[in-house]
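These are the residues of each chain, in order.
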Amino acid sequence: MRTIKRAVISTAFLALMAGLPGAALAADPAAIDWSKIRTKTVTLFYPGQSTYQWLRSRDHKRAYKKVLKGDSCVSCHEEEEADMGNLIVAGKRLEPAPIPGKNGSIELAVQAAHDDDYLYWRFRWKSNMDREGRMHDYMMFDGKTWTFYGSHRAKDAVREGRQPPLYEDRLAIMVDDGSVPLFAQQGCWLSCHDSMRDMPNAPAAAAVKGHAYLGKTLNKKDIRKFLPSSRTDGNAGWDTVKMPGEIAKIKAAGGFLDLMQWRVHRSNPVGMADDGYVLQYRLFDAGKKMFSWNVDKKTMTPKYMFDPAKVGFKALREGDIGDAGKPMAVIRGINAVAYDPDAGWKEGDILPGRLLSTRTEGSAGDNDWAKGVWKDGAYTLVFRRKLDTGHPEDDKVLKVGGVYTVGFAVHDDNVTTRFHHVGFPLSLGIGVKADIQATTLK
Ligand code: HEC
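## So, the domain arrangement of the protein
Interfaces are often sized by the accessible area lost when the parts come together.
(1) Moving on: Taken as a whole, the protein is organised into domain 1 (40-129 + 168-190 + 223-286 + 364-440) and domain 2 (134-166 + 291-357).
(2) Moving on: In this structure, domain 1 and domain 2 have C-alpha centres spaced 30 Å apart.
(3) Moving on: Opposite the 19 residues of domain 1 that make contact, domain 2 presents 18 residues.
(4) Moving on: Together, the buried faces of domain 1 and domain 2 total about 1,600 Å²; carbon and sulfur atoms form 65% of this surface.
(5) Moving on: Its largest share of buried area at the contact with domain 2, domain 1 owes to His265, Arg266 and Asn414, together 44% of the area lost on that side.

What follows is the structure, encoded as structure tokens:
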């Protein structure tokens, strides 16, 4: 069964790459007439360090008691998104290290449709950059060794102009079916905490590595998204993780958030989005996802290079940044060959530090059709997801007629962590009335 599914994906993908006519998948999201489907415009704003703990502190003036009680963000902040984003992005509140020129908000145009098997999304938004954010974790040859090259905009080396801004753009979707307490009211902010990367009071790597569960079992060295329900203390401390047995019980009862990320470098070149979930940490679904490292960390050399027979070169050069005509990702079985140390490397040669593959496995490969295009400063992304992926252990099962809560985020213009734009939670109805109603396809 698994082998068959894989073969279908890669055949369809190859056909897409080759531009063959009649290469449509069984349910072809690209064939949907989106002009007939209503658009909901959602304002995403720059949140800075507005964490779960800040929202519940006295600094969130006149509001913290209501937030503790479970009031919704929009009960006070309806239509304030753009103003809040402008205030925070400029460093006037909750942002100790503003990025010059960054926009405070993004208008995300959202459309949704469904049939008996799939939910289809279409998203459009303007990017703040004059090129696509499709490079990520690159390595450059300096004449002797390979070192990481380029990074995200919050990094000192990029702020100071020593390295170029090179980091993938992303669109993330969180989904809940009512199982996560307060998600319908407070959305993504439940998953965002002091102690996370780029947030106040982040613990040192040694402290996380020394933690009996996060370090010793999960092998982590920093804190990422988690839900308050996974912690034993009321203020959701990073280190008070419940016992694995209790976490397993919450997960089995559906008390996690489904989190899908469409990534311009690490998933779009293979026509997919990743599939993860948030509970005690931000984790990937079981199985094998579409990206991995292309760096042998022991020798610090790439594992694969571009196949010159397929693409005409073995490596990129600095002048290729932003060249829409060149592939920026190495994909196993499509355009990659094993790295040859004797291939005559020149100073300034660049290779991706990530390796893509169309051969996903299990739940991690559920989002097998996601295609985004950047044109004239704006992205258009079409994304399909099975209503029932068959993996209820780490995905939300959506039903026709059901109403769910969704939250969106966009990482735009070479940023990571908190430097994104997020929206307040919205309801999604599969064929029924809600903030976003997925139109039933006939
Ligand atoms: C009871 C009303 C109320 C609720 C509920 C509420 N807020 Fe606020 N929030 C406020 C007020 C009032 C301020 C301005 C405080 C000030 O002037 O210092 C504020 C400030 C903020 C700010 C700082 C930016 C600014 O404009 O000052 C952020 C970010 C924020 N709130 C996010 C949220 C989020 C996210 C939620 C939901 C989890 C939420 N708020 C729920 C009333 C509320």
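## Some thoughts on the coordination of the iron atom of the ligand
(1) Moving on: Within the protein, the iron atom of the ligand binds to His60 (NE2) and His77 (NE2); these donor distances fall in the range 1.9 to 2.0 Å.
(2) Moving on: In this structure, the iron atom of the ligand is coordinated by six donor atoms arranged in octahedral fashion, with angles at the metal of 85 to 178°. In this pair, His60 sits in the loop between helix H2 (52-55) and helix H3 (64-69) while His77 sits in helix H4 (residues 74-77), placing the two residues 17 residues apart along the sequence. Of the two residues examined, His60 and His77, each falls in the buried class.

## Let's talk about the site of the ligand
(1) Moving on: Taken together, 23 residues form the shell around the ligand, and within it His60, Cys73, Cys76, His77 and Arg93 come nearest.
(2) Moving on: Within the contact set of the ligand, a nitrogen atom lies 2.7 Å away from a side-chain nitrogen or oxygen of His60.
(3) Moving on: A distance of 2.8 Å separates a nitrogen atom of the ligand from a polar atom in the side chain of His77.
(4) Moving on: Breaking the shell around the ligand down by element, the ones donating at least two residues are H2, H3, H4 and helix H5 (81-89).
(5) Moving on: Here the shell around the ligand is composed, by residue class, of 12 nonpolar, six polar and five charged.

Cut-offs and rules
- Residues numbered from 1 in each chain as written.
- Predicted model: local features only at pLDDT ≥ 70, side-chain atom pairs only at ≥ 80, totals over all residues.
- Heavy atoms only, no water.
- Domains from an automatic or database assignment.
- Contact = heavy atoms within 4.5 Å.
- Buried area = accessible area lost by both parts, 1.4 Å probe.
- Donors = N, O, S within 2.8 Å, 3.2 Å for Na, K, Ca; no water.
- Tetrahedral: all angles 85-135°; square planar, octahedral: opposite > 155°, others 65-115°.
- Helix = DSSP H or I, 4+ residues; strand = E, 2+ residues; numbered from the N terminus.
- Buried < 20%, exposed > 50% of the residue type's maximum accessible area, 1.4 Å probe, protein only.
- Near = heavy atom within 4 Å.
- Polar contact = N/O pair within 3.5 Å; in protein donor to acceptor, adjacent residues only side chain to side chain.
- Nonpolar A, V, L, I, M, F, W, Y, C, P; charged D, E, K, R; others polar.

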